[in-house]
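Inside the fold
In case you want the letters, here they are:
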Amino acid sequence: MSLLEVRGLTVAFRSEGRFLRVVEAVDLDLEEGRILGLVGESGCGKSVTARSLMRLLPEPPARIEGGSIRFAGNDILALDEAAMRRLRGDRLAMIFQEPMTSLNPTWTVGFQIEEALKLHTDLPAAARRERSLELLRRVGIGAPERRLRQYPFELSGGLRQRVMIAMALACGPDLLIADEPTTALDVTVQAQILELLARLREELGMAILLITHDLGVVAEFCDEVAVMYAGRIVEHGRVADLFARPRHPYTNGLLASTPRLRGRRGRLPTIPGSVPPPDRRPPGCPFAPRCQRVLERCRSAMPGLAGDDGHLAACWNPVR
Amino acid sequence: MIGYIARRLGQAVFILIGISLVTYVLVYLIPADPVRQIAGRSATPETVESIRRQLGLDLPLWQQYLRYLGDLLQGDLGRSYIQKTEVATLIASRLPATLELMAGAILLELLIGLSAGIYAASRRGRPADRAIMVASFAAVSAPQFVVGILLLYVFAVQLGWFPIGGYGTLWHLVLPALTLGLLGGGWYARMMRSAMIEVLRQDYIVTARAKGAGRFRILFVHALRNAALPVVAMVGLDIGIFMSGAVVVESVYGWPGIGQLAWQAIQRVDIPIIVGVTIVAAVAIVLGNLLADLVAPFIDPRIKFRR
Ligand SMILES: Nc1ncnc2c1ncn2[C@@H]1O[C@H](COP(=O)(O)OP(=O)(O)O)[C@@H](O)[C@H]1O
Ligand code: SF4
Ligand SMILES: [Mg+2]
């Protein structure tokens, strides 16, 4: 059984008196120790999906309207807040896009790393400190004794993201959710952070949900990939399969307009037209207004995910 | 840090000279004649003139001021026209009551204002938040004497829990301090609420939640410290404001503070006391500000003492 199993996750936001669905019927599967890439253009619902998994959405205005999230035997959407708190930071951890603003400016690095240990273990202070030092070394931070005493404003963006990772790893989580962990960093630092994540996965055996809008990153670091468009998963499969034989016209378009994939980092290549915002999504397939393979039925009925051998696409007229 | 404090105090001397000058000129412009007040209605013109000469009030303004400034720089605030006592002695005799009321008022302001503000922010948009906002609006717009008299009537006259007025024990302090604490607490509540709401939106609050921190921990460990700076600055300001006395509350409760001293001096055009109290208040404002600036780096490590 998978470590993480998401079925039909639907999330709406209240806006001007009505609820708009920004994430719709999302399915995801992630097995222990694997890296799943969640890829899609900005605003397609990646962060909302990620935060739903940890129940970190602000409710209101957010509302989870349906679906189920199973994580390591827990029914996440049914847990009470206390049980959810016990999972957060312990077995489920998360790092964010903005390392510059994601650390508390008024507490030391040491305090913030040790906090998860304080909350989830009964290690004595000396052992917590020992563990914090070990975590900093593990994420490749030199002079860890000094770093523990420093404040976030004294560190560079890359170092802060490493601190965030050390913090997330404190209790040895089964799943690390990394929401665009390198988008805000310099290109060289991006590569270092991604390589660090890949190495940690090898060493610690945790699963990673890696959110990105960069297909190059997916190709290089992920085992599986889910492509998201306008709040829905439109294609899902092993990286090798999906990159070699994309089935959804959206994925196909993305790959076709990416001339040299490996090692190339940047924004998703553009396809003519733009993503419809949540309040202007057409009935039927959300990609229909931009799709070259559009059929009559695409405009009225939403295709479900279908396919074989774990390679699924939501399309009435797939490329292959 | 010692150097920093010395530099700040050095600057303060110039601020004080400026304030003494402005106060002196303003008081001089008041169309009331202090000599008439001292001499009384039936005094002969000769008596009036001799008093005027004695007090040096026959000299041009700039000479009067320079003489005053010379004394001031030696720590001499002059003598009261009416009571003939040293102004410094008069102020010193009022100082314990004023400091006591200041301490009580600031303590209650913080207690009431911060807890209400933090709670409102954590319940943003819900009935509890709205109720606190309405109450704090009422507090900041209520006149001091209305609240003072109301508390006096209910808790001293009707219930008899506290003395009806006067000064001495801690029981005497409760109602006047509570009056100031409730009214000032309204400002603190509003300020604390908006600062907390701003902080609770920050990314690092999500990080803390993702770590498994609970509501209480989020508010008091992660948010409060980041929202505390405006509060510290306001306490610094309050120290100055309360030093010049809480005139209305002191009158309602017969509290022998600097406010009463100043009020009487204004009625009698007792210029040395008026200027003296103003200068003492200015010193308190400068010290309060300095204190706030010294505390700030301990709250937010990004702030360093400026060189
Ligand atoms: N707090 C919020 N209030 C209202 N709408 C939101 C909020 N957060 C996200 N959304 C909406 O949800 C959609 C998906 O956002 P998000 O998941 O952040 O996209 P991304 O894929 O770039 O991470 C966007 O259309 C955004 O407008
Ligand atoms: S369902 Fe139709 S419109 Fe949507 S992607 Fe497939 S072919 Fe294009
Ligand atoms: Mg995002």
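Structure first, text after, so check above.
So, a few notes on the structure that sits alongside this text. Each chain carries its own residue numbering, running from 1 in the direction its sequence is written. The naming scheme follows written order: chains are lettered A onward, ligands numbered 1 onward. Given that the model is predicted, a residue must reach a pLDDT of at least 70 before its local features are reported, and side-chain atom pairs must reach 80 or more before they are shown or counted; all residues, however, enter totals for whole chains, interfaces and linings. As a rule here, side-chain values cover all heavy atoms of the structure and leave hydrogens and water aside.

Section: the overall build of chain B
Only DSSP runs of H or I with at least four residues qualify as helices, and only runs of E with at least two residues qualify as strands; both kinds are numbered from the N terminus onward. Looking only at helices and strands, chain B features 14 helices and 0 strands. Element order for chain B, N to C, with α for helix and β for strand: α-α-α-α-α-α-α-α-α-α-α-α-α-α. Accessible surface area values rest on a Shrake-Rupley calculation with a 1.4 Å probe, where residue burial reflects the displayed protein chains alone. Counting only carbon and sulfur atoms, one obtains 67% of the accessible surface of chain B, whose full area is about 15,500 Å². Two residue types count as positive, namely Lys and Arg, and two as negative, namely Asp and Glu; His and chain ends fall outside the count. The atom standing in for a charge is NZ when the residue is Lys, CZ when it is Arg, CG when it is Asp and CD when it is Glu. Charge-centre separation for chain B: the mean point of 27 positive side chains lies 13 Å from the mean point of 17 negative side chains.

Topic: the interface of chain B and chain A
Listed per partner, the contact involves 20 residues of chain B and 30 residues of chain A. Each of two parts loses accessible area, computed with a 1.4 Å probe, when they are put together; buried area is these two losses added. Of the roughly 2,200 Å² buried between chain B and chain A on both sides combined, carbon and sulfur atoms contribute 57%. Contact with chain A buries area across many residues of chain B, yet B:Arg209, B:Ala210 and B:Lys211 alone supply 28% of it, more than any other trio. Put simply, a salt bridge is a Lys or Arg side-chain nitrogen that is within 4 Å of an Asp or Glu carboxyl oxygen. Between the two partners, chain B and chain A, sit 2 salt bridges. Where B:Arg217 meets A:Glu115, a salt bridge forms, and the shortest distance between an N and an O atom there is 2.5 Å. By the criterion applied in these results, polar contacts are pairs of N or O atoms within 3.5 Å in which, for protein atoms, one can donate a hydrogen and the other can accept it, and in which residues neighboring in sequence qualify only through two side-chain atoms. Taken together, the connections running from chain B to chain A amount to 15 residue pairs in polar contact (both at pLDDT 80 or more). Throughout, a residue-residue contact means that at least one pair of heavy atoms, one from each residue, lies within 4.5 Å.

So, the side chain of B:Asp129
Residues and elements named next belong to chain B. With respect to the helices and strands, Asp129 occurs in helix α6 (residues 127-141). Residue Asp129 is classed as buried on the basis of its relative accessible area, which comes to 3%. Within polar-contact distance, the side chain of Asp129 engages the backbone nitrogen of Gly125 at 2.8 Å. A distance of 2.8 Å separates polar atoms of two side chains, one belonging to Asp129 and the other to Arg193. What Asp129 contacts, discounting residues up to four positions off in sequence, is Ala120, Arg123, Arg124 and Arg193. Under the scheme applied here, a residue whose accessible area is under 20% of the maximum for its type counts as buried, over 50% as exposed, and between as partly exposed, the area being computed with a 1.4 Å probe on protein chains only.

Here's the deal with the site of ligand 1
Residue and element names in this part refer to chain A. One heavy atom suffices: a residue is near a molecule or strand as soon as one of its heavy atoms comes within 4 Å of it. Residues in contact with ligand 1, as listed here, are Phe13, Val22, Glu41, Ser42, Gly43, Cys44, Gly45, Lys46, Ser47, Val48 and Pro278. With respect to ligand 1, the backbone of Cys44 contributes an N or O atom lying 3.3 Å from an oxygen atom. With respect to ligand 1, the side chain of Ser47 contributes an N or O atom lying 2.7 Å from an oxygen atom. With 3 residues, the top contributor of residues to the shell around ligand 1 is helix α1 (residues 46-53). Here the residues of the shell around ligand 1 are counted per class, giving 5 nonpolar, 4 polar and 2 charged. By the convention adopted, Pro, Cys, Tyr, Trp, Phe, Met, Ile, Leu, Val and Ala count as nonpolar, Lys, Arg, Asp and Glu as charged, and the other residues, Gly among them, as polar.

Focus on the nonpolar core
To define a nonpolar core, start from buried Ala, Val, Leu, Ile, Met, Phe, Trp, Tyr and Cys residues and group those joined through side-chain atoms within 4.5 Å. Counting residues in each nonpolar core, the largest one holds 99 residues, and the members touching the most others are A:Ile165, A:Leu175, A:Ile177, A:Leu209, A:Leu210 and A:Phe243. In terms of residues, this core owes the most to one element, helix α7 (residues 157-169) of chain A, which gives 8 residues. Core analysis: the next-biggest nonpolar cluster, separate from the first, contains 71 residues, B:Ala43, B:Leu180, B:Ala208 and B:Ile239 among them.

Overview of the environment of A:Thr251
Residues and elements named next belong to chain A. Here Thr251 is to be found in helix α11 (residues 249-256). Counting along the chain gives 24 residues from Thr251 to Val227, while the straight-line C-alpha distance between them is 7.2 Å. When neighbours within four sequence positions are excluded, Thr251 is seen to be in contact with Val227, Glu235, Leu242 and Pro246.

As for the packing of aromatic side chains
Residue and element names in this part refer to chain B. When two rings of Phe, Tyr or Trp (its six-membered ring) have centres within 6.5 Å they constitute a pair, described as stacked for plane angles under 30 degrees, edge-to-face for angles over 60, and tilted for the intermediate range. Considering all chains together, one arrives at 9 aromatic pairs over all chains under this definition. When the ring of Tyr167 is compared with that of Trp255, the centres are 4.9 Å apart and the planes differ by 80 degrees; the resulting orientation is edge-to-face. Linking Tyr167 in the loop between α7 (144-158) and α8 (170-200) with Trp255 in the loop between α12 (247-253) and α13 (258-267), this pair joins segments that are 88 residues apart in sequence. Here Tyr167 falls in the partly exposed class, since its relative accessible area comes to 35%.

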